[in-house]
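Listed here are the chains, written in short residue letters.
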Amino acid sequence: MPLEDDVSPQIFTVSAAMVGVCLTVIGLLRVIISAQNVDTLADDLLVCDALLFLVSCLLSYFALRRRLARRMYKVERAADTVFVLALLLMVAVCGLITYAII
C-alpha cells in the first residue's frame, strides 16, 4: 500500500520542528534538574529522540529530492517509520519527566 504523495513534506516540516522542541525541552529539563536535585534519564533519551527526528527529517528531504518512484517510496517509508518511532519515544520521555517531577 503506497503512502500518499504529500507525506514527505509533512514529515520534513514536523520532524524539523520536533528537533527544536527536543532541544528546548532538554534545556528546560536541565534547569529543573539543577533546581530540584532530581536525576532522570529523560534528557539522555531526548537526545536520542532529537537524533531520530533528525534522521526522519533527512530521509524525508532525500525522498523529496528523488524523483524515481521506487526510490522515493522506500526512503519515504523509512522516514515515516523513524518518525513514528521518535513519536513513541517522545511519549515515553514525557512519562519519565512527569514521574521525575512529581
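Treat the numbers as computed from the prediction; the structure is a model and nothing was measured. (Residues numbered from 1 in each chain as written. Predicted model: local features only at pLDDT ≥ 70, side-chain atom pairs only at ≥ 80, totals over all residues. Heavy atoms only, no water.)

(A) Up close: the overall build of the chain. Each helix and strand counted, the chain has 3 helices and 0 strands in total. Shown N-terminal to C-terminal, the secondary structure of the chain runs as helices and strands in the order α-α-α. Its C-alpha atoms give the chain a radius of gyration of 16 Å, clearly above 13 Å, the size a compact globule of 102 residues would have. Along the first, second and third principal axes, the C-alpha atoms of the chain reach 55 × 20 × 15 Å. A buried classification covers 31% of the 102 residues belonging to the chain. Intrachain contacts of the chain at a sequence separation of at least 6 include 76% that bridge at least 24 residues. Per element, the accessible surface of the chain, about 6700 Å² overall, is 69% carbon and sulfur. Each charge class in the chain was averaged separately, 8 positive and 9 negative side chains, and the resulting centres sit 15 Å apart. (Helix = DSSP H or I, 4+ residues; strand = E, 2+ residues; numbered from the N terminus. Rg over C-alpha atoms; globule rule 2.2 N^0.38 Å. Buried < 20%, exposed > 50% of the residue type's maximum accessible area, 1.4 Å probe, protein only. Contact = heavy atoms within 4.5 Å. Areas by Shrake-Rupley, 256 points an atom, 1.4 Å probe, with all protein chains shown as cover. Lys, Arg positive; Asp, Glu negative; His and termini not counted. Charge placed at Lys NZ, Arg CZ, Asp CG, Glu CD.)

(B) Seen up close, the environment of Gln10. Within the element layout of this structure, Gln10 appears in helix H1 (residues 7–36). Here the alpha-carbon distance between Gln10 and Ser34, two residues 24 residues apart in the chain, equals 36 Å.

(C) Looking closely at H1. Taking 1.5 Å of rise per residue, 30 residues should cover 44 Å, and H1 covers 42 Å from first to last C-alpha, within 8% of that figure. Looking at H1, one finds that the buried residues are Val7, Ser8, Ile11, Ser15, Met18, Val19, Cys22, Ile26, Leu29 and Ile33. Positioned one or two residues after H1, Asn37 has a phi angle of 50°, which is positive. (Expected span 1.5 Å × (residues − 1).)

(D) View of the nonpolar core. Ranked by internal contacts, the top residues of the largest apolar core, which has 19 residues, are Cys22, Leu29, Leu46, Phe53, Met90, Val93 and Ile97. Counting only elements with at least two residues in this core, the list comes to H1, helix H2 (42–65) and helix H3 (69–101). The element that contributes the greatest number of residues to this core is H1, accounting for 8 residues. Setting aside chain neighbours within four positions, we find Val93 in contact with Ala42, Leu45 and Leu46. (Core = buried A, V, L, I, M, F, W, Y, C linked by side-chain atoms within 4.5 Å.)

(E) Representation of the side chain of Asp43. Following the sequence through the fold, Asp43 ends up in helix H2. Taking the relative accessible area as the measure of exposure, Asp43 reaches 9% and is therefore buried. Look past the residues within four positions of Asp43 in its chain and what remains in contact with it is Ile26, Leu29, Arg30 and Ile33.

(F) Summary view of a nonpolar patch on the surface. Side chains of Val47, Leu51, Leu54, Leu58, Tyr61 and Phe62 sit close together on the surface and give an oily, nonpolar patch of about 530 Å² of accessible area. By the secondary structure assignment, Val47 is in helix H2. Residue Val47 is classed as partly exposed on the basis of its relative accessible area of 40%. (Patch = residues over 30% accessible without salt bridge, like charges linked within 9 Å, V, L, I, M, F, W, Y side chains within 5 Å. Salt bridge = Lys/Arg side-chain N within 4 Å of Asp/Glu carboxyl O.)

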